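# Breakdown of the fold
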Amino acid sequence: MALLAAGGFVVAGCSAPGPEEVTFFADGKTVNVAPLASCDVKSAQCTTRPDAAGKLRVRPGKPVQISVPSGIAETPWKVTVQYVNAQGEPQELKQDIITSLDRFAYTVTTPRPDDQILVVEVAQASVISQTGRPEDAEAVTTAIWSLQVESPAA
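Residues numbered from 1 in each chain as written. Predicted model: local features only at pLDDT ≥ 70, side-chain atom pairs only at ≥ 80, totals over all residues. Heavy atoms only, no water.

## Observations concerning the overall build of the protein chain
Secondary structure summary: the protein chain contains one helix and twelve strands in total. For the protein chain, the N- to C-terminal ordering of α and β elements is β-β-β-β-β-β-β-α-β-β-β-β-β. Each of the 154 residues in the protein chain was classed as buried or not, and the buried ones make up 39%. Considering only residue pairs separated by 6 or more positions, the protein chain has 70% of its internal contacts joining residues 24 or more positions apart. As presented, the protein chain carries roughly 7,900 Å² of accessible surface, and 51% of it is formed by carbon and sulfur atoms. (Helix = DSSP H or I, 4+ residues; strand = E, 2+ residues; numbered from the N terminus. Buried < 20%, exposed > 50% of the residue type's maximum accessible area, 1.4 Å probe, protein only. Contact = heavy atoms within 4.5 Å. Areas by Shrake-Rupley, 256 points an atom, 1.4 Å probe, with all protein chains shown as cover.)

Spelled out as C-alpha cells, the structure:
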C-alpha cells in the first residue's frame, strides 16, 4: 500500500525531533507510531524509518482517532486520509491542516458509512523563511507518521 508522503507541505532536510509518537485508535484497538521520517530544519539532517508505519484493522465506516503529544500539537500539523468507497474505488484525499497550536486530538471519518479508510498520515510542520521576512515564510514538513489500515478480512 502506498504512503501518502504528506503532500501539501514542502519537505525539509531531516533529523529526529525526538522520540515523539502519535497514537492512533480505531475499532477498539490502539497503536503508538514513531515517525516514518523526521527532519531537523537547522542541520538539514534526516532520519527515516520505513518500517515505522502503524497497522490496525478497521471496519468500513469506522472512525480513526488520532492523539498527538504537545511537541506536535504546539506546531502546525496536517492529517491526510486515503480511502475507498464500497466498490473499492479510490476517493479524493481528505486533508485538514491544524494551526491552532493547542489541538491534541483529531477524529478521521468517512463521508459514507460503507467507505473504507486505507491510510491516515500526520505531518508536522515548521514555518521557516529563507530571508527572515514573515512574508517569505513557508511551511516545511519536519516529521511524518503513518497508519496503514488493514481490512477486517485480512
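Moving on from the model shown.
## Points about the pattern of salt bridges
If you walk through the whole model with that rule in mind, you get three salt bridges. We note a salt bridge from D115 to R112, for which the minimum N-O separation is 3.5 Å. A relative accessible area of 0% places D115 in the buried class. Its salt-bridge partner being E135, residue R133 comes within 2.7 Å of it at the nearest N-O pair. Residue classification places R133 among the partly exposed positions, given a relative accessible area of 44%. Given the relative accessible area of 57%, E135 is considered exposed. (Salt bridge = Lys/Arg side-chain N within 4 Å of Asp/Glu carboxyl O.)

## Describing the pairing of strand β5 (residues 45-48)
Within a regular strand, side chains alternate between the sheet's two faces. By the bridge criterion, four bridges tie strand β4 (residues 37-40) to β5 in an arrangement that is antiparallel. Looking at the pairing, A37 lines up with T48 of β5. What sits between β4 and β5 in their antiparallel hairpin is a turn of four residues, with A44 showing a positive phi close to 60 degrees. (Pairing = 2+ DSSP bridges.)

## Description of unusual backbone geometry
One non-glycine residue, D27, adopts positive backbone phi at about 50 degrees. One can find D27 in the loop between β2 (22-26) and β3 (29-33). Backbone geometry places L101, a non-glycine residue, at a positive phi of 65 degrees. Mapped onto the elements of the fold, L101 is located in the loop between β9 (94-98) and β10 (105-108). Given the relative accessible area of 42%, L101 is considered partly exposed.

## Remarks on the sheet that holds strand β7 (residues 64-67)
The antiparallel open sheet is built from four strands, whose spatial order is β3-β2-β7-β10. Of all strands in the sheet, those with a lone pairing partner are β3 and β10, marking the two edges. For this sheet the average axis-to-axis angle between neighbouring strands, irrespective of direction, equals 20 degrees. In the sheet, β7 pairs with β10 via four bridges, with the strands oriented antiparallel. Each bridged residue has a counterpart across the sheet, and for I66 the counterpart in β10 is Y106. (Axes fitted to C-alpha atoms, helices over the stretch in contact; angles between N-to-C directions.)

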